[in-house]
Amino acid sequence: MKQSKYYFVVFLIIIIISIFLRFCLLQNQSLWFDEGWSLALSDGTTFQENLFQIVNREAGDKYQPLYYLVLFYWRSAFGDSEFAIRSLSALLGVGSVIAIFFTSLRVYGKTHALWSSMILAVSSFSVFYSQDARPYALLIFLASLQIFFFSYSMTEDKSNKIIPQLLFGIFTAIGTFGSILTIFFSSALSLSHIIVYRNFKQWIKWWIPVAIFSSPMIWFYLSSPAVSDPTATTVTRTGLPIVQNIMFVIYGTLVGTSYGPPLEQLRDANRIKILLAYWPQLLIFITVITVIFLALVTSLLRQRKRERYQRADYLFTSLLVTSFLLTFLFALATKINWLPRHSFYLYIPVIILIPSTFIDNYQRQKKLDIVAQFAKLATVSLGIMNVYSNFQYYSNPAYAKDDYRSAVHYLLEHRDKSAKSVLFFGQPKLLQYYGDSSTIYAPEYVLKTVNGKNMAEKVSTMTKNTDSVFVIINREFNWKIKDVFKREMSDLYNLEDEADWPYMKIYRFTRKK
């Protein structure tokens, strides 16, 4: 009884930590560019209207429709404040911690479950997407539920498992509706299941419901234009060697993107010099990950006291490796800029496996005990690194998201009635959200239709020759004509002022007399 109370108290503390980290300063930062798309795709008046917008958008959002439909109902119930919009993701982030706890509890036991859930509770990767009005917290939660119901197949009891099998099939199907990427995770899980357990009859029982329930969404994905031309869909394409993407995925998933140098600095030509300035953090990261990796390999090669623990380790290892390889092939085929969020499911087998490197489910051997102690120390260090990464995310402006809120406040304060403003590159929905409804939106495809031989003449045409023009640009580094913008504007305008915030810039021009 005393031991049960101890485990319950620790579990309760973990849940409190996960709630605090995910709801802390939830509305502190402005909604950013991608969150603007979440607003735009959930802004319809009916379910059908939103679904029509999503499936007719030839971009990556078309292949992850579920979140926007859920967000539509969430906004209808709780409103449109920053806190309300993001609280859906925060709640799902807490749900993932709970699901992982009960999965590890079923497969490995109480101690293992506490460690896995604690790692996820403080995970900077999880916290970031739990504070982001984007699909990834929902997708992590669905993948966690998928693994939870699948864990019934890994236990030795002989009870009827038809209910878990049906629920596993249902939540796997819901996951495929959530994102095409979930199909890679499910495929990796299916392959790992048959490879590790080698029970074809059991495999059929678990995967037939999945095939039936998931078939509509699989048909939808297979019938899309992206199948014949993977590069047809509008997504951010990588300009980097795939090895750099792989390194970034590993780093970002394990410690978040606010542990080392800010991403904006890494776009500078001196990125190597900037990376070297963070050598203490990166050295600690490499050391910790190396120790955990070597301890995991050692653990996998040792004979366990109970075969089911060892087979579970093999399954989660196979799931990690196979899903990583499938995502790698997808990134190669589509030339997508492969980021940690595109591999959201990789973190699930990782956090389930890490406690296996030091929890005593294996035959005791003195040499292995030393490895286990180092692995435990490395795991604690990984948790501390994630806490540090979270602190940076909360408090350091260098890691802030696109600050539309401040940009709009500046516009409303400095733009008089005769002045005009133009958004060339960014998210007009967010300007409207923060109270600016008069800015002209002129992306590249609109600019091509405007009369004028260069940027200055096109701006003059759009603003009806007004004397004062504010030009707004979000994420200028992605703007194709950034290098000629100021030069062409100088034909008709003088640059009077520049104001900037994280990922946002506003130029104020006055017309030459």
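Read on for a plain summary of the structure. (Residues numbered from 1 in each chain as written. Predicted model: local features only at pLDDT ≥ 70, side-chain atom pairs only at ≥ 80, totals over all residues. Heavy atoms only, no water.)

**Focus: the pairing of strand β5 (residues 504-511)**
Test applied: Note on pairing: DSSP must find at least two bridges between two strands before they are called paired. Under the DSSP-based scheme used, a helix requires at least four consecutive residues in state H or I and a strand at least two consecutive residues in state E, with every element numbered from the N terminus.
Relative to β5, strand β3 (residues 468-474) is paired through 7 bridges, and the arrangement is antiparallel. When the bridges of β5 are listed, I473 appears paired with K505. Relative to β5, strand β4 (residues 493-501) runs antiparallel, the two being bridged by 8 bridges. The residue of β5 that forms the bridge with A499 is I506. Counting the residues in the hairpin turn of β4 and β5 gives 2 residues, including Y503, whose phi is positive at 65°.

**A closer look at a nonpolar patch on the surface**
Condition: In this analysis, a patch consists of residues with relative accessible area above 30% that form no salt bridge, clustered at 9 Å for like charges and at 5 Å for the nonpolar side chains Val, Leu, Ile, Met, Phe, Trp and Tyr. The method behind every accessible area is Shrake-Rupley, applied with a 1.4 Å probe, and residues are considered shielded solely by the protein chains displayed. Within this document, salt bridges are pairs made up of a side-chain nitrogen of Lys or Arg and a carboxyl oxygen of Asp or Glu, the two lying within 4 Å of each other.
Residues I162, I163, L166, I170, I208, I212 and F213 make up a contiguous nonpolar surface patch of roughly 600 Å² in combined accessible area. Every element with two or more residues in the nonpolar patch is listed here: α9 (162-178) and α11 (200-222).

**A short note on empty space enclosed by the protein**
This is how the line gets drawn: Grid spacing is 1 Å over the protein atoms alone, the probe is 1.4 Å, and a cavity is where that probe fits but cannot get out, while a pocket is an open set with protein on both sides within 12 Å along at least five of seven lines and lining residues have an atom within 4 Å of a point. Grid points are joined across faces, edges and corners, and a volume is the space filled by probe spheres set on the points. Basically, the charged four are Asp, Glu, Lys and Arg, the nonpolar ten are Ala, Val, Leu, Ile, Met, Phe, Trp, Tyr, Cys and Pro, and anything else, Gly included, counts as polar.
If you walk through the whole model with that rule in mind, you get 2 cavities of 30 Å³ or more. Space inside the largest cavity adds up to approximately 60 Å³. Lining the largest cavity we find L25, L26, N28, Q29, R86, Q131, Y393, Y394 and K401. By residue class, the composition of the lining of the largest cavity is 4 nonpolar, 3 polar and 2 charged. Computed from the structure, the second largest cavity encloses a volume of approximately 40 Å³. As for the second largest cavity, its lining consists of L120, S126, I140, S144, F344, Y347, I348 and I351. Contributions of two or more residues to the lining of the second largest cavity are made by α8 (136-150) and α16 (347-353). For the lining of the second largest cavity, the element with the most residues is α16, which contributes 3 residues. Residues that form the lining of the second largest cavity fall into these classes: 6 nonpolar, 2 polar and no charged.

**Looking at the sheet that holds β3**
Strand pairing within a sheet occurs via backbone hydrogen bonds; the two strands may be parallel or antiparallel. For clarity, the cut-off: When checking whether two residues touch, look at their non-hydrogen atoms; a contact exists if any pair is within 4.5 Å. Lines fitted to C-alpha atoms define the axes here, with helix axes fitted over just the stretch in contact, and angles between the N-to-C directions of these axes take values from 0 to 180 degrees.
If you walk across this open sheet you meet the 5 strands as β2-β1-β3-β5-β4, and the pairing is mixed. Pairing within the sheet leaves two strands with one partner each, and these edge strands are β2 (440-441) and β4. Contacting β1 (420-425), β3, β4 and β5, helix α22 (residues 482-489) crosses the sheet at an angle of about 20° to β5.

**Details of the layout of surface pockets**
As a volume, the second largest pocket reaches approximately 460 Å³. S153, T155, D157, K161 and Q202 are the residues nearest the centre of the second largest pocket, which is lined by 20 residues in total. Of all the secondary-structure elements, those providing two or more residues to the lining of the second largest pocket are α9, α11 and α15 (307-334). In terms of residues, the lining of the second largest pocket owes the most to one element, α11, which gives 4 residues.

**A word on the packing of aromatic side chains**
Which entries qualify depends on this criterion: Each Phe, Tyr or Trp ring, with Trp reduced to its six-membered ring, pairs with another whose centre is within 6.5 Å; inter-plane angles below 30 degrees give stacked pairs, above 60 give edge-to-face pairs, and intermediate values give tilted ones. The buried label goes to any residue with under 20% of its type's maximum accessible area, the exposed label to any with over 50%, and the partly exposed label to all in between, with areas taken from a 1.4 Å probe on protein chains only. By the criterion adopted, a ring carries a charge over it if an Arg CZ or a Lys NZ lies within 6 Å of its centre and within 35 degrees of its normal.
Going through the model one piece at a time under the given rule, you end up with 48 aromatic pairs. Measuring from centroid to centroid gives 5.1 Å for F101 and F102, while their planes differ by 85°, and the two rings are edge-to-face. According to the relative accessible area criterion, F101 is buried, its value standing at 7%. Arranged with centres 5.1 Å apart and planes meeting at 65°, the rings of F148 and F149 form a pair that is edge-to-face. For the pair F148 and F149, a shared accessibility class is recorded, and that class is buried. Pairwise contacts between aromatic rings join F125, F128, Y129, Y136, Y347, Y393 and Y394 into one cluster. It is R57 that lies over the ring of W37; its NZ or CZ is 3.6 Å from the centre.

**Focus on the side chain of S116**
Along the chain, S116 falls in helix α6 (residues 110-122). Using a relative accessible area of 0% as the deciding quantity, one classes S116 as buried. Leave out the neighbours within four places in its chain, and S116 touches I100, S104, I351, I352 and P355.

**Structural notes on the pairing of β3**
Taken across its 7 residues, β3 has 7 buried, putting it largely inside the fold. Of the two faces of β3, the one carrying S468, F470, I472 and N474 and the one carrying V469, V471 and I473 are both buried. Two elements, β1 and β3, share 5 bridges in a ladder whose sense is parallel. Each residue of the ladder has a partner; that of L423, found in β3, is I472.

**Section: the packing of helix α21 (residues 455-462) against α22**
Relative placement of two packed helices is described by the angle separating their axes and the distance separating the axes. Which entries qualify depends on this criterion: Angles are sorted into four bins: roughly parallel if under 35 degrees, roughly antiparallel if over 145, roughly perpendicular if 65 to 115, and oblique for all others.
Viewed as axis vectors pointing N to C, α21 and α22 meet at an angle of 70°, and their least axial separation amounts to 7 Å. By the criterion of interaxial angle, the relationship of α21 to α22 is roughly perpendicular. Residues M455, A456 and V459 of α21 form the contact with α22, whose own contacting residues are F485, E488 and M489. Looking at the contact of α21 with α22 residue by residue, the classes come out as 5 nonpolar, no polar and 1 charged.

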